[in-house]
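Per-entry structural report
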Amino acid sequence: TWKQTLSFWDEHFEIKAGMKVLAIGEREGGLSYYFAKLGCEVICTDFRDFPEATTGIHEEGGVSDRITYNYKVDVTDLSRYEDESFDIAVFKSVIGVLSTKERQQQAVNELHRVVKKDGALLFAENLASTKVHKYLRRKFVKWDNYWRYLKWPLDLDLFQRFNKKHYKTTGFAANFGRSESQKRFLAKVDKVTRPITPKKWRYVLFGVAIK
């Protein structure tokens, strides 16, 4: 389900080698790896320290020379970075942890500030989805009590400062899978049934917001 975001980003924004990328909430370093492989210069950030496995993945992939690590980065306060410093800012499943819409708006405003004119915020974030999804999260997701899931379409106003916006919602059944094999199978079901699944039922939002 989440892998679909890469093709969606590519469809709506041209990523070029040499671009400067600010990757937020990158404890595992996956997006930093992806953009560095494309030839971008990446600032890999997280609020906590990085485990050795993160830098190890980058070293094994031969991209360490294009990645710089910044620690203790609070996405609601990016004052360490100047205005319009980056061609791209990117995150996956990050702003939900901020717990309130006010703090989420602060984060998006800061990301807007540090992105260059005609640059983009690329993101993938969890949606609130259905009552069944909410019940299962309360039961099985340990951080559900403080995570604020975005609401479709009410929370799209978070990105109103950007000049152009492209959105895609996806995912319904795959969230019910308990194992990776179940999730992969249900993700295939989701691809087939997506045209008839109401957007407010879906649990993933992909976005490209261009300044």
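To be clear, the structure that these remarks concern was listed above.
Now for a look at the structure at hand. (Residues numbered from 1 in each chain as written. Predicted model: local features only at pLDDT ≥ 70, side-chain atom pairs only at ≥ 80, totals over all residues. Heavy atoms only, no water.)

1. A few points about a nonpolar patch on the surface
Condition: To count toward a patch, a residue needs a relative accessible area above 30% and no salt bridge. Like charges then connect within 9 Å, nonpolar side chains (Val, Leu, Ile, Met, Phe, Trp, Tyr) within 5 Å. Methods summary: accessible areas were calculated by the Shrake-Rupley approach with a probe of 1.4 Å, and residue burial reflects only the protein chains presented. Any Lys or Arg side-chain nitrogen located within 4 Å of an Asp or Glu carboxyl oxygen qualifies as a salt bridge. Here a helix means four or more residues in a row that DSSP labels H or I, a strand means two or more in a row labelled E, and each is numbered from the N terminus. The rule is simple: take the accessible area with a 1.4 Å probe, protein chains only, and divide by the maximum for that residue type; under 20% is buried, over 50% is exposed, in between is partly exposed.
A surface patch of nonpolar side chains, amounting to about 270 Å² of accessible area, comprises Val97, Trp143 and Tyr146. Residue position: Tyr146 is located in the loop between α5 (131-140) and β6 (164-170). In this structure Tyr146 comes out as partly exposed when scored by relative accessible area, which is 39%.

2. Quick word on empty space enclosed by the protein
Our working definition: Here a cavity is any set of points on a 1 Å grid over the protein atoms alone where a 1.4 Å probe fits but cannot get out, and a pocket is any open set with protein on both sides within 12 Å along at least 5 of 7 lines; a residue lines the site when it has an atom within 4 Å of a point. Grid points are joined across faces, edges and corners, and a volume is the space filled by probe spheres set on the points. Residue polarity follows a fixed list, in which Ala, Val, Leu, Ile, Met, Phe, Trp, Tyr, Cys and Pro are nonpolar, Asp, Glu, Lys and Arg are charged, and the others, Gly among them, are polar.
A full pass over the atoms with the stated rule returns one cavity of 30 Å³ or more. Approximately 40 Å³ is the volume attributed to the largest cavity. For the largest cavity, the full set of lining residues is Thr170, Gly171, Phe172, Asp190, Thr193, Arg194, Thr197 and Arg202. Each residue belonging to the lining of the largest cavity can be placed in one class, and the counts come to one nonpolar, four polar and three charged.

3. Quick notes on the sheet that holds strand β7 (residues 204-210)
Our working rule: Two strands make a pair as long as DSSP finds a minimum of two bridges between them. To get an axis, fit a line to the C-alpha atoms, keeping to the stretch in contact for a helix; angles then go from 0 to 180 degrees between the N-to-C directions.
Spatially, seven strands are ordered β3-β2-β1-β4-β5-β7-β6 in an open sheet, and the strand pairing comes out mixed. Two strands lie at the open edges of the sheet, namely β3 (67-70) and β6, each paired on one side alone. Strand-to-strand twist across the sheet, computed as the mean angle between neighbouring axes with direction ignored, equals 15 degrees. Both strand β2 (residues 41-45) and β3 contribute to a ladder of four bridges, which runs parallel. By the bridge assignment, Cys44 is partnered in β3 with Tyr69.

4. As for the pairing of strand β5 (residues 115-126)
This is how the line gets drawn: When the strands point away from the viewer and the connection leading from the first strand across the helix to the second strand turns clockwise, the crossover is called right-handed.
In terms of residue burial, β5 counts as a mostly covered element, since nine of its 12 residues are buried. Pairing of strand β4 (residues 86-92) with β5, which is carried by six bridges, proceeds in the parallel orientation. Looking at β5, one finds that Phe91 is bridged to Phe123. In the classification by handedness, the crossover that spans β4, the intervening helix α4 (residues 101-114) and the parallel β5 is right-handed. Examined bridge by bridge, β5 and β7 share seven bridges and lie antiparallel to one another. Residue pairing across strands places Asn126 opposite Val204, the latter belonging to β7.

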